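One letter stands for each residue in the lines below.
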Amino acid sequence: MKKIPMRKCVATNESLPKKELIRIVRTPEGTIEIDETGKRNGRGAYLKRSVEAVEIAKKRKALSRSLECPIPDEIFEELRKRFEHE
């Protein structure tokens, strides 16, 4: 049986399979990006694929704390748009 990689959502603190989460990464250049592949270089944080998790992360500044830098509002808007359609 193959092992399923688990990761913790920074907003909800739930441990979920990696495929059910989206990775936000701070690149070595210092930019914040949404990493669909989960393999981009840099410091990463995982977020549950739901609008509620995005709202919690923004309110509690969970992503900022995890990535150790401020998160632009455009990232939250992009995540919200993606999850509204799922």
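Anything mentioned here points back to the structure above.
Note that the structure is a prediction, hence the values are computed from the model and not measured. (Residues numbered from 1 in each chain as written. Predicted model: local features only at pLDDT ≥ 70, side-chain atom pairs only at ≥ 80, totals over all residues. Heavy atoms only, no water.)

Caption draft 1: Fine view of the overall build of the chain. Helices and strands together make up the secondary structure of the chain, namely three helices and five strands. The N-to-C order of helical and strand elements in the chain reads β-β-β-β-β-α-α-α. Against the compact-globule benchmark of 12 Å for 86 residues, the chain has a radius of gyration of 12 Å, which places it among compact chains. Across its three principal directions, the C-alpha atoms of the chain cover 40 × 30 × 20 Å. Scored against the burial criterion, the 86 residues of the chain give a buried share of 35%. Carbon and sulfur atoms form 49% of the exposed surface of the chain, whose accessible area is close to 5800 Å². (Helix = DSSP H or I, 4+ residues; strand = E, 2+ residues; numbered from the N terminus. Rg over C-alpha atoms; globule rule 2.2 N^0.38 Å. Buried < 20%, exposed > 50% of the residue type's maximum accessible area, 1.4 Å probe, protein only. Areas by Shrake-Rupley, 256 points an atom, 1.4 Å probe, with all protein chains shown as cover.)

Caption draft 2: Examining the environment of R65 more closely. Topologically, R65 is positioned in helix 2 (residues 62-67). A residue is classified by how much of its surface remains accessible, and R65, at 59% relative accessible area, is exposed. Remark: the alpha-carbon pair of R65 and A45, spanning 20 residues in sequence, is separated by 9.8 Å.

Caption draft 3: Structural context of the environment of I56. Locating I56 in the fold gives a position in helix 1 (residues 51-60). On the basis of relative accessible area, I56 is assigned to the partly exposed category, the value being 27%. Spatially, the C-alpha atom of I56 lies 5.7 Å from that of A11, the residues being 45 residues apart in sequence. When neighbours within four sequence positions are excluded, I56 is seen to be in contact with A11 and T12. (Contact = heavy atoms within 4.5 Å.)

Caption draft 4: Main features of the layout of surface pockets. Here the largest pocket defines a volume of roughly 330 Å³. Considering every element that reaches the lining of the largest pocket, the biggest residue donor is strand 3 (residues 21-26), with three residues. In terms of residue class, the lining of the largest pocket is made up of six nonpolar, two polar and nine charged. (1 Å grid on protein atoms, 1.4 Å probe; cavity = no way out; pocket = protein on both sides within 12 Å on 5 of 7 lines; lining within 4 Å. Points joined across faces, edges and corners; volume = space filled by probe spheres on them. Nonpolar A, V, L, I, M, F, W, Y, C, P; charged D, E, K, R; others polar.)

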